[in-house]
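Chains, contacts and geometry: an overview
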Amino acid sequence: IMDESWNAYENRTVPNGKLDLLNPHSKNLLQSLLKSLISSNIDGVIFKDDFTYEAYEGFSKKALDRYKIETGRTVVFNRMFRPVKQPKSDQIEMLIGEDFDDVALWRTQEIKQLLWDLIATIKDTKKEIIVGFELTPEMILDSKLSMKWYSTGLHYIKDLNADFFILKWRKHKSTVESDPA
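Source: prediction; values computed, not measured. (Residues numbered from 1 in each chain as written. Predicted model: local features only at pLDDT ≥ 70, side-chain atom pairs only at ≥ 80, totals over all residues. Heavy atoms only, no water.)

Once that is clear, we can look at helix α1 (residues 24-39). An ideal rise of 1.5 Å per residue puts 22 Å on 16 residues; α1 measures up with 23 Å between its terminal C-alpha atoms. Burial in α1 covers these residues: Ser26, Leu30, Gln31, Leu34 and Ile38. All buried residues of α1 lie within an arc of 135° about the axis, which places them on one face of the element. Tucked inside the fold, the buried residues of α1 contact β2 (12-19), β3 (44-47) and α3 (98-125). The distance from a side-chain oxygen at the start of α1 to the backbone nitrogen of His25 is 2.8 Å, and the residue carrying that oxygen is Asn23. (Helix = DSSP H or I, 4+ residues; strand = E, 2+ residues; numbered from the N terminus. Expected span 1.5 Å × (residues − 1). Buried < 20%, exposed > 50% of the residue type's maximum accessible area, 1.4 Å probe, protein only. Arc of directions from axis to C-beta. Contact = heavy atoms within 4.5 Å. Polar contact = N/O pair within 3.5 Å; in protein donor to acceptor, adjacent residues only side chain to side chain.)

Taken across its six residues, strand β6 (residues 130-135) has five buried, putting it largely inside the fold. Examined bridge by bridge, β3 and β6 share four bridges and lie parallel to one another. Paired with Phe47 across the strands is Phe133, a residue of β6. Where β6 meets strand β7 (residues 164-167), four bridges bridge the pair, whose relative direction is parallel. (Pairing = 2+ DSSP bridges.)

Below is the structure:
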């Protein structure tokens, strides 16, 4: 149940080592994990900002098949992405347009449903568990950008049964979080 990313240089998807959030088996795995954690007497769960997809992620065979079945459309990668002019690892340019917007919206809706189901599992297992979400500034300030970059955002998850939202702040061009140590 590993996710795949689009690699514009190889013109194919490649495994990326992340959990495929669009695979129904992942939901079962996460629900089992949450139930196990709750039985160990935890008092809360925080969904971190990386419980998302980058623009080029979320393209496993299972996800692509589900997208086609549920929308009637096929993902055509070369209409959504292209290699950057000066290759650096697997950098891509996004071709903003209807093709990508459709995929991004579908992924966002699917991740929201997954989160809805996971929170229901948490609250059904132990009602007093606190559930929170870590959000980046983009997830709060720009719903369209957030959908494209992260497949989620405050606009899309604000109606979930969460107890709090926390802002993750990162200094510009820094890989280090600004949270105190």
